[in-house]
Amino acid sequence: MESLTDRPPRGLLDPTAGQGIYREAFLPSSTQLADVVANHWAVRWDLRGEDPYVVEVLPGPEIQLVVEAGAVRVHGILRGKFTYELRDTGDIFGTTFRPAGFRCVYGRPIAELGNRVVDGSEIFGPAATRFANGIASTTDRAERVDIAEEFVRQRQPDITAVTKLVNEIVDTVAGDRSIVRVDDIAERFGVGQRNLQKLFREHVGMTPKRVLQRYRLHEAAERLDNGSVSLAALAADLGYADQAHFARDFKAIVGRPPTSYTNR
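Conventions we followed
Positions within a chain are numbered from 1, following the residues in the order the chain's sequence is written. Local features are withheld for residues below a pLDDT of 70 in this predicted model, meaning they are given only at 70 or higher, and side-chain atom pairs are given and counted only at 80 or more; totals for whole chains, interfaces and linings count all residues. No hydrogens and no water enter the side-chain calculation; it runs on all heavy atoms of the structure. Numbering goes from the N terminus for both helices and strands, where a helix is a DSSP run of H or I of at least four residues and a strand is a run of E of at least two. Exposure categories follow from relative accessible area, calculated using a 1.4 Å probe and restricted to protein chains: below 20% of the type maximum is buried, above 50% is exposed, and the middle band is partly exposed. We call two residues in contact when some of their heavy atoms are within 4.5 Å. N or O atoms within 3.5 Å of each other form a polar contact, as long as, within protein, one can give a hydrogen and the other can take it, and as long as residues adjacent in sequence are counted only when both atoms are side-chain atoms. The term salt bridge refers to a pairing of a side-chain nitrogen on Lys or Arg with a carboxyl oxygen on Asp or Glu at a separation within 4 Å.

Per an unreviewed UniProt entry, the recorded name for the protein chain is Helix-turn-helix domain-containing protein, and the organism is Antrihabitans spumae.

In structure tokens:
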């Protein structure tokens, strides 16, 4: 099982500030779920006698299945950053789904989960409690991965050609900086814009434009974290017409302008 512990999760804001907190992320062990599950991850902390620590994450277009303190949460596609306060001691285990992966399990349009954090029992019924108990029964990484993947397999995910197409589209948007407009996506994949909007509403829960924006802001935060950078040049690299437009988008989602983020 390949470990990803040497790199911070994408979208984690100010990753160096929490280096004293234990984090790990690792790939799923089953290739059968490659179109459904992106990775599993864990966060453990011990802050007894210390001040609470606030984690800020700019979520991508992926649903998160999170187990903490005997309960399951499903994190839909949030419009802004996710803020969570760590205090005392704790242990969180999560599964990140591929962009179109949770639709295979949920069986309904992902747009229904937009900007929501849902109790797992609302979606999975009593099975959510059994799943949470299974995760709580062990701290072994491999065993937890097996439990999580068996939980997904039991839902009999319906993986279709559309699932694979949407995953490919989102992967391309994430990795190809030459794609800066929805027109670019439509042209690259030969999908009309109306159909593209429908596919993303059904399978991703975020419009193509918002997916583009989110990944560009991920890159912006990473580059600002890595050191001094010209904001004008960064805005141009990310496909913005001007620095002011970039700064507005960044502040609207991250909660502070890029200048403040850089000087934090």
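Caption draft 1: Just the environment of E219, in detail. Along the chain, the position of E219 falls in helix α8 (residues 208–225). For E219, a relative accessible area of 11% corresponds to the buried category. Residues E219 and G255, 36 residues apart in the sequence, show an inter-C-alpha distance of 16 Å. Leaving out residues up to four positions away in the same chain, E219 has contacts with R10, R177 and L238. Polar contacts involving the side chain of E219 include one to the side chain of R177, which spans 3.4 Å.

Caption draft 2: Structural detail: the pattern of salt bridges. By the definition in use, this model includes 20 salt bridges. Where R177 meets D237, a salt bridge forms, and the shortest distance between an N and an O atom there is 3.9 Å. Within this pair, whereas R177 is found in the loop between α5 (161–175) and α6 (182–189), its partner D237 is found in helix α9 (residues 231–237), the two being separated by 60 residues in sequence. R177 gets classed as partly exposed once you look at its relative accessible area, which sits at 40%. Among the residues examined, D237 registers a relative accessible area of 34% and is labelled partly exposed. Ionic contacts of the salt-bridge type, sharing partners, join the residues R177, E219, R223 and D237 into one network.

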